[in-house]
Amino acid sequence: MKPTLLILAAGIGSRYGGIKQLDQFGPNGETIIDYSLYDAIRSGFGKVVFIVRQEIKDSAEAIFAPKLTGKIDFDFAIQGIQSYVPEDLGKVERTKPWGTGHATLCAWDQTDTPFAVINADDFYGRDAFETMAQFLQNDKDDTQHAMIGYELKRTLSENGTVSRGVCIEREDHNLESVVERTKIFEEEGVIYFEEDGVKTELAPETPVSMNFWGFKPTMFPLTKEFFETYARENINTPKAEFYIPTVMTKIIEGNLGNCRVFRSSSDWFGVTYPEDKPNVQASLAALHESGEYPDKLWQ
């Protein structure tokens, strides 16, 4: 059974100043998602689920449905503020989505195979998709999950701070811990994360999660349980976010499963700030010129 690809595309893009998941970066107006879709199809994925907010669903469908029809199955899942919130908590007063862990949960109904999860605004490269597709197709342990780990120094932005899942890997190549750090930056050649006004240095080779995860379907009921608890504890905190690393940490600490780390030495690129766009455009143009991608992705 071919794995499913979930694409996290419900973010607001507050630092970018717009809907970056639908913005055009390739030489023919391609979105970054287009490259992930192209790589997923040629790596053996059998279905794509776009996780979006209701207000951008029609736009996303208009862009991607014509490209994918006849090439791969696809569907859309809605990440709503009330989705999976316990009914007794009533109406939630917040505008910001609940985060990546919650977004993944919102695609449960559309997903019945082992699956990968990626960001809409990150370019991962063909190798990452091939590695994850092989893992999801061949590993039969329902409690064994996976992630693609990138070197921290290859994932920074010149234009401001970034959020990364900072990882510690065990000797057996499984994840020991992952902590979401929301303010990482380089200063005078040294990389730091800052929390509560305190700066802590990070090694340049530190493996980090760029939200390229591989899960077995057993992840969904666990995520639902964890999110319901999280929602109860944070119902009055409108900016609180339930991240995938939170889910993975609970799985590991509860001895409910493991997460294999597949290291990548590739240079990541993506868009956090509008100033990132020219660099992404140049990187994608170079990949077309080198022959990694055809002149036009969709014929």
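Whatever comes next refers back to the structure up there.
Residues numbered from 1 in each chain as written. Predicted model: local features only at pLDDT ≥ 70, side-chain atom pairs only at ≥ 80, totals over all residues. Heavy atoms only, no water.

Draft legend 1. Representation of helix 6 (residues 244-253) in the model. Burial runs high along helix 6: seven of the ten residues are buried. For helix 6, the set of buried residues is Ile244, Pro245, Val247, Met248, Thr249, Ile251 and Ile252. Following helix 6 by one or two positions, Asn255 has its phi on the positive side, about 55°. (Buried < 20%, exposed > 50% of the residue type's maximum accessible area, 1.4 Å probe, protein only. Helix = DSSP H or I, 4+ residues; strand = E, 2+ residues; numbered from the N terminus.)

Draft legend 2. Structural detail: the state of the cysteines. Inspection of every chain in the model, using the stated rule, returns zero disulfides. With no disulfide of its own, Cys167 has Cys259 as its nearest cysteine by sulfur position, at a separation of 7.9 Å. The class for Cys167 is buried, based on a relative accessible area of 6%. (Disulfide = S-S within 2.5 Å.)

Draft legend 3. Here's a closer look at the nonpolar core. Leu5, Ile7, Leu37, Phe50 and Phe212 are the most contacted members of the largest nonpolar core, which has 54 residues in total. Sorting elements by how many residues they give to this core places helix 4 (residues 126-138) first, with six residues. Ignoring any residue separated from it by four or fewer positions in sequence, one finds Ile7 in contact with Ile33, Leu37, Val48, Val49, Phe50, Ile51, Ile118 and Ala120. If you look at the next biggest cluster of nonpolar residues, it comprises 35 residues, including Trp98, Phe115, Val117 and Phe226. (Core = buried A, V, L, I, M, F, W, Y, C linked by side-chain atoms within 4.5 Å. Contact = heavy atoms within 4.5 Å.)

Draft legend 4. Seen up close, the layout of surface pockets. In this structure, the second largest pocket spans a volume of roughly 250 Å³. Every residue lining the second largest pocket is counted, 15 residues in all, and those nearest its centre are Leu156, Ser157, Trp268, Phe269 and Asn279. If you list the elements that add at least two residues to the lining of the second largest pocket, you get strand 13 (269-270) and helix 7 (277-290). Counting residues per element, the lining of the second largest pocket draws most heavily on helix 7, at three residues. Of the residues assigned to the lining of the second largest pocket, the class counts are four nonpolar, six polar and five charged. (1 Å grid on protein atoms, 1.4 Å probe; cavity = no way out; pocket = protein on both sides within 12 Å on 5 of 7 lines; lining within 4 Å. Points joined across faces, edges and corners; volume = space filled by probe spheres on them. Nonpolar A, V, L, I, M, F, W, Y, C, P; charged D, E, K, R; others polar.)

Draft legend 5. The pairing of strand 6 (residues 144-151), seen in detail. Burial analysis of strand 6 places eight of its eight residues in the buried class, the great majority of the element. Here strand 6 shows two buried faces, one formed by Gln144, Ala146, Ile148 and Tyr150 and the other by His145, Met147, Gly149 and Glu151. In terms of strand pairing, strand 6 meets strand 12 (residues 258-264) through seven bridges, oriented parallel. The residue bridging Ala146 from the neighbouring strand is Arg260, located in strand 12. Pairing analysis gives five bridges linking strand 6 to strand 11 (residues 207-215), with the strands arranged antiparallel. In the strand pairing of strand 11, Met147 is matched with Trp213. (Pairing = 2+ DSSP bridges.)

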